[in-house]
Amino acid sequence: MQINFSTAKLLVALLFLSGTLLHSGESLSNAGFIPPLFLIQAGQFYVYAFYAVAVAAFFIKKSNYSLNLAQGSYIYFGLGYVTLFLISIIYLEDIERYFLLAITTLLVPNAVKIFFGQGKLKIYTDGLVLGALIYVLTSLAIGFFNFNPDGRFSGYMSNPNAFALSTTTCLLILLYFLDRGAIFKSLAVAICLYLIYISGSRASTYGSLLAVAVWLWFQLKSKFSPVALLAIILIIFTPTIIALTWLEIEDLGRAFQTKEVFSDSGRDIIYAQAIDLISRNQLTGYGMSAHEDLLGTGNVHSSYLRIFFMVGLPAGIIFFTLYFIGLFRAYLNSPQRGIWRPYALILPLLLIGEDYIVGVGSFYFLSFLLILSIELVERSSNNSFLNDQKYKHN
């Protein structure tokens with residue numbers, strides 16, 4: 001299949017960026033930016049998810065490609081979501097959501113493989129890099145335009161935790177696929193770390209630091225020097241250190257205020273109620289939409305509690321067993337310096353504070369699928385993303 005480099009790269013970048021708008025809320029319009037893509041908010045759940053399914057199904061049909069269940073870790077993630085889908089049928093609740101979660105997990109990585117799996121590795125990752133860079137720079141500009149010194153930084157998103165999780169994904173992509181010199185990469189990574197930090201998201205802050213540490217560890221035997229990265233990080237963070245010390249802007253230090261990790265956002269109340277109810281009905285749970293009625297919230301703020309609350313401990317254990325087998329397989333199948341090394345380590349941490357694991361209309365799930373696709377594309381090409389520098393712009 002012939003593919004134009006510039007067009008394919010732009011399409012991947014636009015797909016990546018369209019996902020970030022799913023959490024934009026009213027932030028863009030408040031900042032005076034009302035682009036046509038903002039209209040995606042009106043039907044984010046159905047339009048975006050069905051678009052992903054349609055694209056995946058199209059490529060699979062056109063190539064006469066048959067699913068190979070022994071190939072890739074995606075099958076374990078897919079089986080986990082199939083489990084939730086079957087339970088949603090039993091409860092007759094939220095069936096569309098869990099159907100879409102299951103079908104997109106099984107089809108989208110295969111569609112990406114079909115499209116980019118024949119020597120087009122660098123095209124795909126360059127598209128992800130372009131999308132990540134545009135997202136970070138746009139968030140930086142619009143976020144500071146709207147910045148509230150007494151609040152948390154959220155870029156052009158309405159939820160600072162969603163912003164931090166999205167920026168963490170961008171950080172991983174830029175760490176492993178940005179190839180524009182040590183200074184440029186260091187600057188991009190340092191800006192991501194800074195934006196995550198001032199968002200106040202603890203899980204993303206700790207996860208991003210762990211990801212950078214893992215990456216630096218594997219760079220010890222390479223030509224990349226961590227000195228430039230550490231120096232730029234220090235320069236960028238210095239004004240914040242001054243603000244914390246002399247201006248006493250307490251919210252800027254939220255990411256490391258571990259004593260209030262649950263209480264300052266009301267999570268402690270939701271968690272206590274959820275744990276109490278789970279203990280009363282451990283076998284079957286309360287249903288796929290019960291959190292809204294019994295907990296009074298659409299966001300349980302924990303992927304683990306959300307799953308166990310909905311389906312009970314036995315089915316929840318089955319789901320997370322399949323999910324973590326998928327993570328473990330992706331980790332083992334990844335090359336030594338591949339993106340799945342830190343992603344498989346930090347993803348369980350990132351899921352503690354939010355329930356995006358079932359958010360088919362969230363940027364988290366889209367970015368999860370895009371990163372999940374990397375493994376299949378890599379396995380089909382007989383060479384590593386990191387070593388594939390000889391591709392053609394055809």
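Sequence order as written defines residue numbering, which begins from 1 separately in each chain. Only residues with pLDDT of 70 or above have their local features reported here, since the model is predicted, and side-chain atom pairs are shown and tallied only from 80 upward, although totals for entire chains, interfaces and linings are computed over all residues. In computing side-chain properties, one takes all heavy atoms of the structure into account and sets aside hydrogens as well as water.

### Examining the overall build of the protein chain
Secondary structure follows DSSP: runs of H or I at least 4 residues long count as helices, runs of E at least 2 residues long count as strands, and numbering of each begins at the N terminus. Secondary structure assignment for the protein chain yields 15 helices and 0 strands. Only protein chains enter the accessibility calculation, which uses a 1.4 Å probe; a residue is then buried when its area is under 20% of its type maximum, exposed when over 50%, and partly exposed in between. Counting the 394 residues in the protein chain, one finds 57% classified as buried. Of the contacts formed within the protein chain by residues at least 6 apart in sequence, a portion of 75% connects residues at least 24 apart. Note on areas: these come from Shrake-Rupley sampling with a 1.4 Å probe, and a residue is covered only by the protein chains present in the view. When the accessible area of the protein chain is evaluated, it comes to approximately 17,300 Å², of which 65% is carbon and sulfur surface. The contact criterion used throughout is that any non-hydrogen atoms of two residues lie within 4.5 Å.

### A few points about the nonpolar core
One finds Tyr 323, Trp 340, Tyr 364 and Phe 368 to be the most contacted residues of the largest nonpolar core, which totals 109 residues. Here this core gets 13 residues from one element, more than from any other, and that element is helix α13 (residues 303–333). Apart from the residues within four sequence positions on either side, Tyr 323 is in contact with Phe 77, Tyr 81, Leu 347, Leu 351, Ile 357, Tyr 364 and Phe 368. Take the buried residues of types Ala, Val, Leu, Ile, Met, Phe, Trp, Tyr and Cys, join any two whose side-chain atoms come within 4.5 Å, and each joined set is a nonpolar core.

### Digging into the packing of α13 against helix α14 (residues 340–350)
The interhelical angle for the contact between α13 and α14, taken along N-to-C directions, is 165°, at an axis separation of 11 Å. It follows that α13 is roughly antiparallel to α14 by the angle criterion. The way α13 lies across α14 gives a crossing that is left-handed. Residue-level contacts link Tyr 304, Tyr 323, Phe 324, Leu 327, Ala 330 and Tyr 331 of α13 to Trp 340, Arg 341, Ala 344, Leu 345, Leu 347 and Pro 348 of α14. The residue classification treats Ala, Val, Leu, Ile, Met, Phe, Trp, Tyr, Cys and Pro as nonpolar and Asp, Glu, Lys and Arg as charged. All others, Gly included, are polar. Tallied by class, residues from the contact of α13 with α14 come to 11 nonpolar, no polar and 1 charged. Helix axes are fitted to C-alpha atoms over the stretch in contact, other axes to C-alpha atoms as well, and angles between N-to-C directions run from 0 to 180 degrees. With respect to orientation, any angle under 35 degrees is reported as roughly parallel, any angle over 145 as roughly antiparallel, any angle of 65 to 115 as roughly perpendicular, and every other angle as oblique. In a left-handed crossing the near helix is turned counterclockwise from the far helix by less than a right angle, and in a right-handed crossing that turn is clockwise.

### Describing the packing of helix α7 (residues 160–177) against helix α8 (residues 182–199)
Where α7 contacts α8, the axes come no closer than 9 Å and their chain directions differ by 165°. In terms of their interaxial angle, α7 and α8 are classed as roughly antiparallel. Between α7 and α8 lies a crossing of left-handed hand. Residues Pro 160, Phe 163, Ala 164, Thr 167, Thr 168, Leu 171, Leu 174 and Leu 175 of α7 form the contact with α8, whose own contacting residues are Lys 185, Ala 188, Val 189, Cys 192, Leu 193, Leu 195, Ile 196 and Ser 199. Looking at the contact of α7 with α8 residue by residue, the class counts come to 12 nonpolar, 3 polar and 1 charged.

### Regarding the confidence of the model for the protein chain
The predicted coordinates of low-pLDDT regions are not to be read in fine detail. On average, residues of the protein chain score 76 in pLDDT, and 69% of them reach the 70 mark or higher. Confidence of the predictor at the level of single residues is given by pLDDT, which spans 0 to 100. The least confident element of the protein chain, judged by mean pLDDT, is helix α2 (residues 27–30) at 45; the most confident is helix α4 (residues 74–91) at 94. Across residues 26–40, confidence stays below pLDDT 50; counting only partners more than four residues off in sequence or on other chains, it has 24 contacts. Taken as a whole, residues 383–394 scores under 50 in pLDDT and shows 31 contacts with residues more than four places along the chain or in a different chain.

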